[in-house]
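Analysis of the macromolecular model
The residues making up each chain are set out below.
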Amino acid sequence: MADKIVLAYSGGLDTSVAIKWIKEKYNLDVIALTIDVGNERDFSAIRQKALDVGAIKALVVDAKDSFVNEYVFPALQADALYEAEYPLATALARPLMAKLLVDTAQGEGASAVAHGCTGKGNDQVRFEVSVNALAPGLKIIAPAREWGMTREQTINYAQRHGIPVPVTVASPYSIDENLWGKSIECGVLEDPWVEPPEEVFTWTKSAGETPDKPDYVEVGFEKGIPVTIDGQELNGVSLIQRLNGLAGRRGVGRVDHVENRLVGIKSREIYEAPGAKVLLQAHQALEAMTLSKSQLRFKQKVAQEYADLIYNGLWFTALRQDLAAYVKSSQRFVTGIVRLKLFKGSSSVVGRKSPFSLYSYGLATYDKADVFDQSASPGFIHIWGLSARTQAQVQKIDGDKGIDVSQ
Ligand code: ARG
């Protein structure tokens, strides 16, 4: 009996060819594992296809809840946004998929796992670093990186082996999607000067085609986790789905990003992430009201560190656990409601309230209700400016005069 291998199976051309190729090249029996992270596909057809192509077993796992609760929401609480643009949908799903590959391999007594990534992207790194961290002894095979076939050769291989070639192969775009967002690469998008054709967008309306009246939405948070929309309690998965629909119809959530891949390549990526856009914006607005200035300043650094770490495939590390502990602690008063206006492709925060708000009307107002003691300000300014004054007296700081900035 041949050894077994668990393959992360999407149902697309590469992973279908991989089922046959692994058997031919390594004589391993392939167990296909398809993971539902909210990409809304026909999973029973995908499962059947894996079996038709030659997998000895085909499993489909609904991982939407764990994806949202264990990966997406912690990243939202951290305000993780890669290079200030990308909400990390694909990057967050990969460690979860790696974990499910490992669990399945262990449960099925398989000696190896496989994924369909090429050798040029981030996903190979995320899969393999995660698998290595969780199960150091497990062998990893990356057929699409190894076989050295062009797209045409892969199609030929499929045809020779009776593997159905999906019609989507005709599409020039490479797409990955889950609940947290969709990414689109390749085709004309590889020219960063070319405006993305309208056809690449399927989650978001073009701003020009959205209604002329704004839409409003209220998102309620509990300790940094979104729990209600317009007062209605929803579980994480439904809440994100609802916002994807709502904001997408208003054209919110398109991103055009020239991005720095971990492997050193700059790539032009188009994203659609309406729900993520609205939630990140709302969450930050609530933090602005419930965290102190120094908490906010520090948390921004953590956010960037956390986003890089997720992007770079380091989810299963001690540093990630440390950052997660800090982020969780920072969220204990991030409870309240944020009101957003969605209009013609943009979303803006127009209201926020919280039982733990640090905003004080008495301190902020210029009206009669003012309780701020202005007579204390001169003393404050005297001490605050002490160091600047001392230096100016000795070193004659006089505007920019006398400073040579010419090189
Ligand atoms: N550039 C994004 C990332 O690295 C999206 C990658 C999409 N992956 C894919 N296999 N199409 O996370």
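Scroll up for the structure.
A separate point is the site of the ligand. Lining the immediate environment of the ligand, one finds 15 residues, of which Tyr86, Asn122, Asp123, Arg126 and Glu259 sit closest. Within the side chain of tyrosine 86, a nitrogen or oxygen atom sits 2.6 Å from an oxygen atom of the ligand. A distance of 2.7 Å separates a nitrogen atom of the ligand from a polar side-chain atom of glutamate 259. Notes on the ligand: free accessible area 350 Å², of which the protein chains cover 85%. Among the secondary structure elements, those contributing two or more residues to the shell around the ligand are α4 (89-108), α5 (123-134), β6 (174-178), β7 (181-185) and β12 (266-272). At 3 residues, α4 tops the list of elements feeding residues into the shell around the ligand.

To continue, consider the packing of helix α1 (residues 13-26) against helix α7 (residues 151-160). Here α1 crosses α7 at 65 degrees, and the two axes come no closer than 10 Å. As for how α1 packs across α7, the hand of that crossing is left-handed. Between α1, through Leu13, Asp14, Val17, Lys20, Trp21 and Glu24, and α7, the contact on the second element is made entirely by Arg151, Thr154, Ile155, Tyr157 and Ala158. Taken together, the residues of the contact of α1 with α7 break down into 6 nonpolar, 1 polar and 4 charged.

The subject of this paragraph is the pattern of salt bridges. Applying the stated criterion to the full structure yields 21 salt bridges. A salt bridge links aspartate 29 to lysine 23, with the nearest nitrogen and oxygen atoms 2.8 Å apart. Given the relative accessible area of 15%, aspartate 29 is considered buried. Where aspartate 123 meets arginine 94, a salt bridge forms, and the shortest distance between an N and an O atom there is 3.2 Å. Note that aspartate 123 is positioned in helix α5 and arginine 94 in helix α4, a separation of 29 residues in sequence. Of the two residues, aspartate 123 and arginine 94, both sit in the buried class. Through salt bridges that share partners, Arg94, Asp123, Arg126 and Asp176 make up one connected network.

Criteria and thresholds
Residues numbered from 1 in each chain as written. Predicted model: local features only at pLDDT ≥ 70, side-chain atom pairs only at ≥ 80, totals over all residues. Heavy atoms only, no water. Near = heavy atom within 4 Å. Polar contact = N/O pair within 3.5 Å; in protein donor to acceptor, adjacent residues only side chain to side chain. Areas by Shrake-Rupley, 256 points an atom, 1.4 Å probe, with all protein chains shown as cover. Helix = DSSP H or I, 4+ residues; strand = E, 2+ residues; numbered from the N terminus. Axes fitted to C-alpha atoms, helices over the stretch in contact; angles between N-to-C directions. Left-handed = near helix turned anticlockwise from the far one by under 90°. Contact = heavy atoms within 4.5 Å. Nonpolar A, V, L, I, M, F, W, Y, C, P; charged D, E, K, R; others polar. Salt bridge = Lys/Arg side-chain N within 4 Å of Asp/Glu carboxyl O. Buried < 20%, exposed > 50% of the residue type's maximum accessible area, 1.4 Å probe, protein only.

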